[in-house]
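Coordinate inspection notes
One-letter residues, chain by chain:
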Amino acid sequence: MTRAAIPGLPSRYPIGELLPALYADDDLAQRFTAGLDTVLAPVLSTLDNLPAYFDPSLAPPDFLPWLASWVGVEADPAWPVELRRAVVARAVELHRWRGTRRGLVERLRLCCGVHADVRDGGGATWSAEPGTALPPPPTGELLVRVWPVREGVAVDARRVLDVASASCPVHLTCRVEVLPGPPGEPEQTGS
């Protein structure tokens, strides 16, 4: 998409109408200002609509990568436009939760359309009781168990792994398990 001269776009502020009465009937002056109106109409239209360019839900699709760069997000160009809009709109909130279980679950729900259960193998614990046993040694693995938000929708395990790996701390490996439904529910068999 280009933001240049748009054929037939009228100017909201025609210059010819703003000239003194002496030039109102002057054909050369009116044609000259009409040419300026044609050149300035897209600029004035853009300025009049400037707030829409900064709203991810209204911005032109080719403007989204620039907005994404403002909030430090990489929205995959292969994603649908509505998903890219949602990622840009929620970027600040997701940055706030980055590196946490909640942040990963929200990012997976937004980007992959899945519910997630995240098991951290970091081995950190605390206790209010003195002399409490130490936690078991860390597994060094982040286990992400996912299932579809809507029944019957396929889960793209590769995409889930890519999103989870990007959010996973560097000292942990990431493993993804795709479940047919929420963990703890018995698997349903077809009858």
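Refer to the structure presented above.
Residues numbered from 1 in each chain as written. Predicted model: local features only at pLDDT ≥ 70, side-chain atom pairs only at ≥ 80, totals over all residues. Heavy atoms only, no water.

Focus on the side chain of arginine 84
Test applied: Going along the chain from the N terminus, every DSSP run of H or I of four or more residues is numbered as a helix, and every run of E of two or more is numbered as a strand. Only protein chains enter the accessibility calculation, which uses a 1.4 Å probe. A residue is then buried if its area is under 20% of the maximum for its type, exposed if over 50%, and partly exposed in between. Neither His nor the chain ends contribute to the count of charged residues, in which Lys and Arg are positive and Asp and Glu negative. The term salt bridge refers to a side-chain nitrogen of Lys or Arg lying within 4 Å of a carboxyl oxygen of Asp or Glu. Under this definition, polar contacts are N or O atom pairs within 3.5 Å; protein pairs additionally need one hydrogen-donor-capable and one acceptor-capable atom, and for neighbouring residues in sequence, both atoms have to be side-chain atoms. Two residues form a contact once any of their heavy atoms are found within 4.5 Å.
If you trace the backbone, arginine 84 turns up in helix α4 (residues 81-89). Lacking a salt bridge, the buried arginine 84 has aspartate 76 as its closest oppositely charged neighbour, with an N-O distance of 7.4 Å. Within the structure, the side chain of arginine 84 is placed 3.2 Å from the backbone oxygen of tryptophan 79, a separation counted as a polar contact. Contacts of arginine 84, omitting those with residues within four sequence positions, involve Pro61, Leu64, Ala75, Asp76, Pro77 and Trp79.

Description of the sheet that holds strand β1 (residues 114-120)
Heads up, the rule is: Note on pairing: two strands pair once DSSP finds at least 2 bridges between them. Fitting a line to C-alpha atoms yields each axis, with helices limited to the stretch in contact; the angle taken between N-to-C directions then spans 0 to 180 degrees.
Read across the sheet, three strands follow the order β1-β2-β3 without closing on themselves; strand pairing throughout is mixed. Strand pairing shows two members of the sheet lacking a second neighbour, β1 and β3 (173-178), which therefore form its edges. Neighbour-to-neighbour, the strand axes of this sheet turn through a mean angle of 20°, independent of strand direction. Of the pairings in the sheet, the one linking β1 to strand β2 (residues 141-148) comprises seven bridges and is antiparallel in character. For aspartate 120, the partnering residue across the bridge sits in β2 and is leucine 142. In this fold helix α6 (residues 101-112) packs onto β1 and β2, with an angle of close to 150° to the strand it touches most, β1.

A few points about the nonpolar core
Selection rule: By convention a nonpolar core is built from buried Ala, Val, Leu, Ile, Met, Phe, Trp, Tyr and Cys residues, the set being connected through side-chain atoms within 4.5 Å.
If you look at the biggest cluster of nonpolar residues, it comprises 32 residues, and the most contacted ones within it are Leu108, Leu142, Val144 and Val146. When contributions to this core are tallied by element, the ones reaching two or more residues are α3 (64-70), α4, α5 (91-96), α6, β1, β2 and α7 (157-167). In terms of residue count, α6 provides more of this core than any other element does, six residues in total. Setting aside residues up to four positions removed in sequence, leucine 108 forms contacts with Gly113, Val114, Ala116, Val144, Val146, Val160, Val163 and Ala164.

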